[in-house]
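# Summary of structural features
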Amino acid sequence: MSSNKKYWKSVEELNNSSIVETLKNKEFAEEIPVDEFLGDKESLESSKTSRRDFLKYVGFSTAAASLAACEGPVIKSIPYVVQPERIVPGVANYYASAISDGYDFSPVLVKTREGRPIKIESNKLATIKAGSGARVNASVLSLYDTKRVKRPMIEGRNVSWEEFDKEVKGALEGADGEIVLLTQTFASPSTTRLIQEFSSKYGNVRHVVYDAVSEDAALNAFASKYGKRALPNYDFSDAEVIIGVGADFLGDWQGGGHDVSYAESRLPKDGKMSRHIQFEANLTQTGAKADKRVPVKPSDQKKVLAALHGYIAGGNSTSELPSGLDDVVVKAASQLRKAGSNGVVVSGIPDVKAQQMVLEINEALGSSVMDTDNARMTRQGNAQAVKQLVEDMNAGSVGALLIAGVNPAYSLPNAAEFKEGLKQVGMTLSFTEKEDETAKLCKFVAAAPHYLESWGDVQFTAKQFALTQPTIRPLFDTKQFQECLLSWTDNDTSYHDYLKETWAGQLSGKGWARALHDGVFEGSSPVSVTADMSAGTTSETESLSEGQGGLEMVLYTKTSMGDGKQFNNPWLQEMPDPITRTTWDNYLMISKADADALELENEIVSNGALNGNYVNLTVGEITLKNVPVIVQPGQAKGSVGLALGYGKKEGVQEEMQVGVNAYPLYKDFKSFQNVKIEKTGGVHEFASVQMQSTMAGREEVVRETTLEIFNTKDKHAFNPVPEVSYNHEEIPTSDKNADIWTSFDRSVGHHFNLSIDLNACTGCGACVISCHSENNVPVVGKEEVRKFRDMHWLRIDRYYSAGDTFKEEQKTLEELPAFENYDVIENPSYDNPEVAFQPVMCQHCNHAPCETVCPVAATSHGRQGQNQMIYNRCVGTRYCANNCPYKVRRFNWFNYAQNDEFDYHMNNDLGRMVLNPDVVVRSRGVMEKCSMCIQRTQKTILDAKRDGRVIEDGEFSTACSDACDKGAIKFGDVNNEDAEIVKLKENDRKYYLLEYLGTQPNVMYQMKVRNTSEA
């Protein structure tokens, strides 16, 4: 039972820190400097001001301040002179489209208002398991980036497209050497066809595909076995046993999107759920969700995989692993054999032989989880071809280089060599949305449109496709890469018509209009591709040998930033990392044992903020200086982790030039590197929210049990209702005698509830970004986050705990001071803690503590169950925040909108185009919080009323429930007896947060269940 476990949020919480203890019991760690504005005692006593005059002054100044705070800016609106066709003011339009920026590929639904895209939502018609997380939801904000290139340029001067095309065609026809197209993975049949036609016209053309974060080893292994460069397609929904070896498959591994089917397998159904064992170095989202996580440094991961291969496919009975680790692998292999076709192994080891072993293991199991026929096509980068290109550039054999969708001057490990080679190329051109590091070095810069302004097609798998369509006219004088290729091949067809022509008769019976409406369809590619099979030869000879001593580094991508394509997106910069809960930074993650050896530490300072040391990192001959350090529980000893995608300088506004560029350490496109670490001087200030919102040290926040107990015990044994004393007897808090409130009548109309499943939540943050987008939540910047002034209406708390229950230690605990018990119990779990993710928003309590203390009735209870905020009434007393046990209310310290101090895309005419007109932009000095998306529920009600129909279950949704494709967040009307939310309310796993307080929330949680069964 959860009460037998100790949960903690931060390493510092275990170090007997008086500051942390203060944070748990006080909202502000620092004392308010009263003397600064009241003066000292002597000056007050000598004052000649009478009490009457003082009260007059205070009364006037307070009234004046209140009037000034309440006066909002007057903004005049101008109606359409001629109303555009198909646009009805106040009514949203939706367009099916798809993002395909070379790293993120996903079908989407785009919400537009008065012609402006304002939100990305899930396309419910899509069966494609593609990544649709935080970055996809945030991509709408990147459309309104003032740093975008606004028109074509030649040698830094603005030109027309006519002049640009003429100059480029002349340069291509006169190119002295090979013409090379260096592009992102387009995964686009029509683009492939266009490049083939371009190659036919100009003859000496080579197409090189470059993925900044490479899946080259997996692609080569698949190609060697199945004859084409692709990736296996995994569907975890029916998996019984899942073994991960260095694969963060709930994150960005092989393009992401695996979390949807994984979540299905993790819900206890008919007494069963999948068993997940994870071997990894960094503590990842995937490791956090595993039933059994084994910290293993990279060189040992290769041995683990070799042992698994030997036990499953090789017929071996022994391995070279240490006995303790071998025992875990033997049990894992036994469970895999028992699961048979419902077992699967996945790995992120950047080694061809390792990836071949994975395919052989799954083939030996007959795994139905791995699909090789409907393979993934969204990674096509060829690392060997990129290396060869850089050599050829420096040799002077490349006459023209056309770069599209990639930034090699920033992201190539050998970027310096690439820059030198670029000087030897006669004609250089970059298709780009930003004037980035590469564009700065090119003679021609083609202003590329955002995907929401573009036409296109995407091949996700061998059989699954999507269409991209523009949802707004181009904001700037931009032109697609494909449009330019058409122009340079003397083809007058528009790319829209070219697309239709490519897919004529290939839409699986759908017409063009229907396919465009749905956005997704199944079929086969109309364009044949001959894969380059030459790349697999160099890395196949690599051995699975031990590292060369020292520490081993794992380079990874954050769920917020990915490979860095959306680096100038403030929503993503301010999104807390699921594991470290840190924003606006990348950092070196290191285990406590290694940190102690190097005398590295983190410290929480007097205001609750987190600080850390700096180190220099050396890989081969490359040294990266002043990298901040975070001591990370669960990091495998002997290993460190560092995120790619940070440290950009060009095409990025100054406030967002954060972090360090780790790509120079990405030697040979390998995510595993041997590294030397040297401590250096200075203190880094992190913007971390991990110690914020501690719920005042209250217990019973997370509840969890094991599958065995869940199946064999009564509900009251693993999920009891809290009890209170009544007439000297203990009664459950759900009993009417435990209630001193007069309850609201909830039987008439709608009554909304939200359910959050801790088993399905992976901490991905899609709900956080969706909430930002829907509700105009402001971005406050690194300095304000550091002061715990972030404005997130929805946070995802991350809790650590040890893996066992502690009944046997209770006596010991009672003999210790209150805070020292953490040291006794939890220090062992530094090495490998269990993790729980818990989304927390306003709980919309039926008996809300905030409502009773507001002196101006700014927060009140609605008939539909929402705890409402009337912003015009709020005078900023913050009594409600102090009285809220869940710490979910956010106070507006500043005017974040139209304020140059907070220039994060909401403070210029372009950035404000993303604002949702259905939701007010809050002013300074008011409290704001989750509204349970009341604007969405009211629209649903009004639409049904207009149509004269009954609302069906599933029509109601919030931004967070709509964004969560894993089904962790469910929303509905509990007065509809047939609604799914009613079934969830009656589920044995259901509990309320801090239920013993008697607040009666309208948000419920489904407790976490772990499958701890061993072989």
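Calculation notes
- Residues numbered from 1 in each chain as written.
- Predicted model: local features only at pLDDT ≥ 70, side-chain atom pairs only at ≥ 80, totals over all residues.
- Heavy atoms only, no water.
- Salt bridge = Lys/Arg side-chain N within 4 Å of Asp/Glu carboxyl O.
- Helix = DSSP H or I, 4+ residues; strand = E, 2+ residues; numbered from the N terminus.
- Buried < 20%, exposed > 50% of the residue type's maximum accessible area, 1.4 Å probe, protein only.
- Pairing = 2+ DSSP bridges.
- Contact = heavy atoms within 4.5 Å.
- Axes fitted to C-alpha atoms, helices over the stretch in contact; angles between N-to-C directions.
- Polar contact = N/O pair within 3.5 Å; in protein donor to acceptor, adjacent residues only side chain to side chain.
- Patch = residues over 30% accessible without salt bridge, like charges linked within 9 Å, V, L, I, M, F, W, Y side chains within 5 Å.
- Areas by Shrake-Rupley, 256 points an atom, 1.4 Å probe, with all protein chains shown as cover.
- Lys, Arg positive; Asp, Glu negative; His and termini not counted.
- Charge placed at Lys NZ, Arg CZ, Asp CG, Glu CD.
- Parallel < 35°, antiparallel > 145°, perpendicular 65-115°, else oblique.
- Left-handed = near helix turned anticlockwise from the far one by under 90°.
- Nonpolar A, V, L, I, M, F, W, Y, C, P; charged D, E, K, R; others polar.
- pLDDT = per-residue confidence, 0-100.
- Expected span 1.5 Å × (residues − 1).
- Core = buried A, V, L, I, M, F, W, Y, C linked by side-chain atoms within 4.5 Å.

## As for the pattern of salt bridges
Tallied over the full model, the rule gives 52 salt bridges. Linking Lys 592 and Asp 596 is a salt bridge whose minimum nitrogen-to-oxygen distance equals 3.2 Å. Pair noted here: Lys 592 and Asp 596 are both in helix α21 (residues 592–597), with a separation of 4 residues, about one helical turn. Residue classification places Lys 592 among the partly exposed residues on the basis of a relative accessible area of 28%. On the basis of relative accessibility, which here comes to 46%, the residue Asp 596 falls in the partly exposed class. Close ionic contact of Asp 965 with Lys 966 constitutes a salt bridge, the shortest N to O distance being 3.0 Å. Asp 965 sits in the partly exposed class, given a relative accessible area of 25%.

## Some words on the sheet that holds strand β5 (residues 153–154)
Overall, mixed pairing links the 7 strands, which are arranged β6-β5-β17-β16-β15-β7-β8 in an open sheet. At either end of the open sheet lies a strand with only one pairing partner, and these are β6 (157–158) and β8 (205–209). Pairing between strand β15 (residues 398–404) and strand β16 (residues 427–432): 5 bridges, direction parallel. Across the sheet, the residue bridging to Ile 403 is Ser 430, located in β16. Relative to the sheet, helix α6 (residues 161–173) contacts β5, β6, β7 (178–183), β15, β16 and β17 (444–447), its axis offset from that of β17 by approximately 135 degrees.

## Considering the environment of Pro 849
With respect to the helices and strands, Pro 849 occurs in helix α28 (residues 849–853). According to the relative accessible area criterion, Pro 849 is buried, its value standing at 17%. Along the backbone, Pro 849 and Cys 884 are 35 residues apart, and their C-alpha atoms lie at a distance of 6.1 Å.

## As for the side chain of Gln 635
In this fold, Gln 635 is placed in the loop between β26 (622–631) and β27 (639–643). Classification of Gln 635 as buried rests on a relative accessible area of 2%. A polar contact of 2.9 Å, which involves the side chain of Gln 635, links it to the side chain of Asn 282. Apart from the residues lying within four places of it in its own chain, the contact partners of Gln 635 are Ala 281, Asn 282, Leu 283, Met 589, Ile 590, Ser 591, Val 640, Gly 641 and Asp 831.

## Side note on the environment of Leu 231
Within the secondary structure layout, Leu 231 lies in strand β9 (residues 231–234). Residue classification places Leu 231 among the buried residues on the basis of a relative accessible area of 0%. Considered as a pair, Leu 231 and Asp 216 are 15 residues apart in the sequence and their alpha carbons are 10.0 Å apart. In this view, Leu 231 contacts Ala 218, Leu 219, Phe 222, Gln 254, Ala 375, Arg 376 and Arg 379; residues no more than four positions away in its chain are not counted.

## A word on a negative patch on the surface
Taken together, Asp 235, Asp 238, Glu 240 and Glu 264 make up a surface patch of like negative charges. Structurally, Asp 235 is set in the loop between β9 and β10 (241–245).

## Here's the deal with the packing of helix α5 (residues 134–143) against helix α24 (residues 766–775)
As a packed pair, α5 and α24 sit with axes 8 Å apart at the nearest point and diverge in direction by 20 degrees. Taken together, the axes of α5 and α24 are roughly parallel relative to one another. Like other packed secondary-structure pairs, α5 and α24 cross with a definite hand, here left-handed. Residues Ala 134, Asn 137, Ala 138 and Val 140 of α5 lie in contact with α24, whose contacting residues are Ala 766, Ile 769, Ser 770 and Ser 773. In terms of residue class, the contact of α5 with α24 is built from 5 nonpolar, 3 polar and no charged.

## Quick notes on the confidence of the model for the protein chain
Per-residue confidence for the protein chain gives a mean pLDDT of 84, with 86% of residues at or over 70. Here residues 64–77 is modelled with pLDDT under 50, and outside its nearest four sequence neighbours on either side it reaches 1 contact, counting other chains as well. Predicted confidence for residues 816–826 stays below pLDDT 50, and this span has 30 contacts to residues more than four positions away or in other chains.

## Focus: the pairing of β16
Of all 6 residues that make up β16, 6 are buried, and the element is covered over most of its length. Of the two faces of β16, the one carrying Met 427, Leu 429 and Phe 431 and the one carrying Thr 428, Ser 430 and Thr 432 are both buried. Bridging between β16 and β17 involves 4 bridges; their strand directions are parallel. Paired with Leu 429 across the strands is Phe 444, a residue of β17.

## With respect to helix α30 (residues 934–947)
Across its 14 residues, α30 extends 20 Å between first and last C-alpha, which sits within 8% of the 20 Å expected from 1.5 Å per residue. For α30, the complete set of buried residues consists of Gln 935, Arg 936, Thr 937, Thr 940, Ile 941, Asp 943 and Ala 944. Each element contacted by the buried residues of α30 is listed here: β4 (116–122), β32 (752–757), α24, α31 (959–963) and β39 (969–973). Downstream of α30 by a residue or two, Gly 948 has a phi angle that is positive, lying close to 65 degrees.

## Some points on the packing of α6 against helix α17 (residues 481–488)
Close contact between α6 and α17 brings their axes to 10 Å; oriented N to C, the two are set at 60 degrees. The hand of the α6/α17 crossing is right-handed. Judged by residue contacts, Trp 161, Phe 164, Asp 165, Val 168, Lys 169 and Leu 172 of α6 engage Cys 484, Ser 487 and Trp 488 from α17.

## Some words on the nonpolar core
Ranked by size, the top nonpolar core spans 62 residues in total, and within it Met 841 and Tyr 1005 carry the most contacts. The element best represented in this core is strand β34 (residues 834–840), accounting for 4 residues. Once you skip the residues sitting within four places of it in the chain, Tyr 1005 turns out to touch Ile 756, Leu 758, Gln 838, Pro 839, Val 840, Gln 843, Arg 989, Lys 990, Tyr 991 and Leu 993. In this structure, Val 390, Ile 403, Leu 588 and Val 640 belong to the second largest nonpolar core, which totals 50 residues.

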